[in-house]
Every structure is written in C-alpha cells, then in structure tokens.
Amino acid sequence: MTSNASRERLGLLLGFVGMAIFGGTLPATRIAVAEIDPIALTSLRTVIAGLSSLVLLLVLRRKLPPRALWPQLVVTMLCVAILFPLLMSLGMQRVDASHGGVVLGVLPIATALVAVAITHERPRPLFWIASVAGAALVITFALRQGGGALAAGDLFLFASVTVAAIGYAFSGRLTLQMPGWEVISWVLVIALPLSIPAAALTMPADITHIAVRPWLGLLYVALFSQWIGFFAWNAGLAMGGIARVSQIQLLQPFVTFALAAFFNDETITLQILLFATAVVVTVAISTRTRARAAPAPPQRDREPPQLAAS
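Per chain, the residues get numbers from 1 upward, laid out in the order the sequence is written. In keeping with the model being predicted, local features are shown solely for residues with a pLDDT of at least 70 and side-chain atom pairs are shown and tallied solely at 80 or more, while totals for entire chains, interfaces and linings include all residues. Each side-chain value is worked out from all heavy atoms of the structure, with water and hydrogens disregarded.

Draft legend 1. Molecular detail of the overall build of the protein chain. Across its full length, the protein chain carries 13 helices and zero strands. The way it works is that DSSP assigns letters per residue, a run of H or I at least four long becomes a helix, a run of E at least two long becomes a strand, and they are numbered from the N terminus. Counting from the amino terminus, helix and strand elements in the protein chain follow one another as α-α-α-α-α-α-α-α-α-α-α-α-α. Within these notes, the globule rule equals 2.2 Å times the number of residues to the 0.38 power, and the radius of gyration is based on C-alpha atoms. Taken over the C-alpha trace, the protein chain has a radius of gyration of 19 Å; the compact-globule value for 310 residues is 19 Å, and the two agree within 12%. Exposure classes here rest on a 1.4 Å probe applied to the protein chains alone. A residue is buried below 20% of its type maximum, exposed above 50%, and partly exposed in between. Relative to its 310 residues, the protein chain shows a buried fraction of 52%. Considering only contacts in the protein chain between residues 6 or more positions apart, those separated by 24 or more positions represent 87%. Accessible surface area values rest on a Shrake-Rupley calculation with a 1.4 Å probe, where residue burial reflects the displayed protein chains alone. Here the protein chain displays about 13,700 Å² of accessible surface, and carbon together with sulfur accounts for 69% of that area. The charge count treats Lys and Arg as positive and Asp and Glu as negative. His and the chain ends do not count. Here the site of a charge means NZ on Lys, CZ on Arg, CG on Asp, or CD on Glu. Charged side chains in the protein chain number 20 positive and 12 negative. The centres of these two groups are separated by 14 Å. Throughout, a contact is declared for two residues whenever any of their heavy atoms are within 4.5 Å.

Listed below in structure tokens is the structure:
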C-alpha cells in the first residue's frame, strides 16, 4: 500500500512538472518570435530536439519501431513536430501568450473528439454538451478580444489546436505500443530529414543581432516543450494513473498566465481569468463524462484520454 501510494504521489509530481513545462511554451514562443521568424523557429526547435532524441536513442540502443507503426508516427510527426509549433508561432506573433492560453485551453476537448472518432466511442450526451460549450466559449472570447471579428492570430491558434489534437490522439495510441518518451523521440528523429534542410534555409543571416532572450526562448521550446516535457508527463500518467494525473492539466492555462505576466509583462485581465475558468470547467466535465457505451475495442486501439499541450 505504501509503495503504491508513493508511486502515485511521484506520478502526480511528474505530471505537475510536465504540465508546468508545457505551460511555459506560449510565453517562451512569444519571446522567441520577437526576433526569430516562425518558420526558422519551428525548424530550429525541431532540429535541436530531434538531434537530442537521436543521441538518446543511439546511446540506449533502441530498435527501430515496427513497420506497422510508421504511418501513425509520420502523422504524429507532421502534426506535433511541424504544423503545431509553426501555427502556434504564427499565432504568437499576433496575440499575447495569455490570449493564446485561453484558446489552447480547449485542446484537451479537441484531442478527446479526435480520439472518439478514431476509437468509435459513444460518449455520454454531457460530453458533447461540454465540448460544444468549450468551443463556443473560446470563439466568444476570441471575438470579444478581436472587437467582434476573429483576428489572424486566432485563426492560426485554432488551426494549431486542430492539428495538435490529431497528433496527440495518434501519439496516445502509440504509447500503448512503446514508452511515451520513445514515441516523441522517434517522432522528432523522423522529422530530421525535413527539419534540417528547413533550418539551413531559414537560419537568420546574422545571428549576432538576435538578443539572448529569443535564443533562450528557442532553447526552452526545443528542449523542454518539444521533448523533455513529454518525458515527465507520460511517466506521470503511467505512475499516477491517467484519470488522476490528466486532471492536473486543468491548471495549465493559469501557469501560462503567471509566466506570461512575469516574463512577457502581460496584463492578465478579469475577463481572461473568467473565460479561462469557464473553459477549464468544460474540459473537466468532458473528461469525466467521456465513457464508452459500446464494447471496448482491442487494447491496441485504445489511447489515453488526455495528453498535455506543448
């Protein structure tokens, strides 16, 4: 009993660490895109994380994933390692990190919706009500912030939520076949043939003119958001239980707000806090009411209900 309790507590701690790391993604990206082009940022971020992953996989002598898993790895790679960070970076050029924190707060619902489609689940009606309510809240927030119209930054963020949800749902399925850290590592290694040429072509001509803060922002999103954060998060899910640890993700928007206020000098208004709280409530309801009414598919077709956003 004591051993199990200690393992669960460690799992909750690791889950919190992973969530906090992901919570810093938007503020760090906001800092980086101030002087680094979003395409260059995405390429460099993926190269740094990919080369780190390659070294780790070689040192540990991990075998190549089974051929049957490669299509899922490629889909995950395109969504998680390329499209999501690129679209998010484009969004962070145009809106504050705190604004993005509210919009991306609906990502767990989007991920659950994709997972439902993949696994042919039949969730309870309350799941659909909460999902629609969460989406409506985010759209309403974006419209209010944009003076009645959706800004370009919001469109980029909505697109990033869509591709991230697809990537995380497929990543969740893959974690049933191999450890979570190995999934993200192989995904990043597979991206190297694309990310290395892209980084070479988009590298700033004179890197000496870029200040230290944007470089630190790049290193953060490359090593922590894109790679190390998944180690802590996935380990926490495994040790503490998906149902309990995934609830920690409800705190992520508020971690983003705190970091955005401290590092980006952003003002966190009452409207932002209220909308974020409402979105978190819909996420909590949708997570708790996502249940299978139909017979469960084979184990290999299931996936965790929630993965943190990086």
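Draft legend 2. Region of the structure containing a nonpolar patch on the surface. Patch membership requires over 30% relative accessible area and the absence of a salt bridge. Like charges are linked within 9 Å, and nonpolar side chains (Val, Leu, Ile, Met, Phe, Trp, Tyr) within 5 Å. A pair is scored as a salt bridge if a Lys or Arg side-chain nitrogen falls within 4 Å of a carboxyl oxygen belonging to Asp or Glu. A grouping of Leu-51, Leu-54, Leu-58 and Ile-196 is seen on the molecular surface, where their side chains present a nonpolar patch of about 340 Å² in accessible area. A total of three residues in the nonpolar patch trace back to one element, the largest contributor, which is helix H3 (residues 38-59). Looking at the element boundaries, Leu-58 is found in helix H3.

Draft legend 3. Molecular detail of the packing of aromatic side chains. Stacked, tilted and edge-to-face pairs are distinguished by plane angle, under 30 degrees for stacked and over 60 for edge-to-face with tilted covering the rest, among Phe, Tyr and Trp rings (Trp via its six-membered ring) whose centres lie within 6.5 Å. One pass over the structure, following the stated rule, counts 10 aromatic pairs. Measuring from centroid to centroid gives 5.4 Å for Phe-141 and Phe-275, while their planes differ by 55°, and the two rings are tilted. In this pair, Phe-141 sits in helix H7 (residues 125-145) while Phe-275 sits in helix H13 (residues 270-288), placing the two residues 134 residues apart along the sequence. Judged by its relative accessible area of 0%, Phe-141 is buried. Here Trp-227 and Phe-231 contribute two aromatic rings whose centre-to-centre distance is 5.2 Å and whose plane-to-plane angle is 70°, an arrangement assigned as edge-to-face.

Draft legend 4. Region of interest: the side chain of Thr-42. On the secondary structure map, Thr-42 appears in helix H3. Assessed through its relative accessible area of 7%, Thr-42 is described here as buried. Sequence-distant contacts of Thr-42, defined by excluding residues within four places in its chain, comprise Ala-81, Ile-82, Pro-85, Leu-86 and Ser-89.

Draft legend 5. Highlighting the pattern of salt bridges. Counted under the stated rule, the structure contains two salt bridges. Between Asp-96 and Arg-30 there is a salt bridge, with its nearest N and O atoms 3.2 Å apart. In this pair, Asp-96 sits in the loop between helix H4 (70-92) and helix H5 (97-104) while Arg-30 sits in helix H2 (residues 25-32), placing the two residues 66 residues apart along the sequence. The shortest N-O distance in the salt bridge between Glu-182 and Arg-62 comes to 2.8 Å. Taken together, the residues Glu-182 in helix H9 (residues 180-202) and Arg-62 in the loop between H3 and H4 connect sequence positions 120 residues apart.

Draft legend 6. Geometry of unusual backbone geometry. In this structure, Arg-61 takes a positive phi of about 55° despite not being glycine. Along the chain, the position of Arg-61 falls in the loop between H3 and H4. Notably, Asp-265 is not glycine yet its phi reads approximately 55°, a positive angle. Here Asp-265 is to be found in the loop between helix H12 (252-263) and H13. Under the relative-accessibility criterion, Asp-265 is labelled exposed at 68%.

Draft legend 7. Geometry of the environment of Val-80. One can find Val-80 in helix H4. On a C-alpha basis, the gap between Val-80 and Ile-184 in space is 9.0 Å, while along the polypeptide they are 104 residues apart. Beyond its immediate sequence surroundings of up to four residues, Val-80 is in contact with Pro-85, Gly-167, Tyr-168, Ile-184 and Gln-226.

Draft legend 8. Representation of the environment of Gln-271. Counting through the fold element by element, Gln-271 comes out in helix H13. Taking the C-alpha atoms as reference, Gln-271 lies 8.6 Å from Phe-141; in sequence the two are 130 residues apart. Discounting residues that sit within four places of it in the chain, Gln-271 has contacts with Arg-144 and Gln-145. Reaching out from Gln-271, the side chain makes a polar contact with the side chain of Gln-145 at a distance of 2.5 Å. Two N or O atoms count as a polar contact when they lie within 3.5 Å, although within protein this holds only if one can serve as hydrogen donor and the other as acceptor, and sequence-adjacent residues are included solely when both atoms are side-chain atoms.

Draft legend 9. Inspection of the packing of H2 against H12 at higher detail. In contact at an axis separation of 8 Å, H2 and H12 are set at 30° when each is read in the N-to-C sense. One finds that H2 runs roughly parallel with respect to H12. Residues Leu-26, Pro-27 and Ile-31 of H2 pack against Thr-256, Leu-259, Ala-260 and Phe-263 of H12. The residue inventory of the contact of H2 with H12, partitioned by class, reads six nonpolar, one polar and no charged. As a rule, the C-alpha atoms of each element are fitted with a line to give its axis, helices using only the stretch in contact, and angles between N-to-C directions run from 0 to 180 degrees. Convention used here: angles under 35 degrees read as roughly parallel, angles over 145 as roughly antiparallel, angles from 65 to 115 as roughly perpendicular, and any remaining angle as oblique. Charged residues are taken to be Asp, Glu, Lys and Arg, nonpolar residues to be Ala, Val, Leu, Ile, Met, Phe, Trp, Tyr, Cys and Pro, and polar residues to be all remaining types, Gly included.

Draft legend 10. Region of the structure containing the packing of H3 against H4. In contact at an axis separation of 9 Å, H3 and H4 are set at 140° when each is read in the N-to-C sense. The angle between H3 and H4 places the two elements in the oblique class. For the pair H3 and H4, the sense of crossing is right-handed. Judged by residue contacts, Pro-38, Ile-39, Leu-41, Thr-42, Arg-45 and Thr-46 of H3 engage Ala-81, Ile-82, Pro-85, Leu-86, Met-88, Ser-89 and Leu-90 from H4. Per-class residue counts for the contact of H3 with H4 are nine nonpolar, three polar and one charged. Here a crossing is called left-handed whenever its near helix is offset anticlockwise from the far helix by less than a right angle, and right-handed whenever the offset is clockwise.

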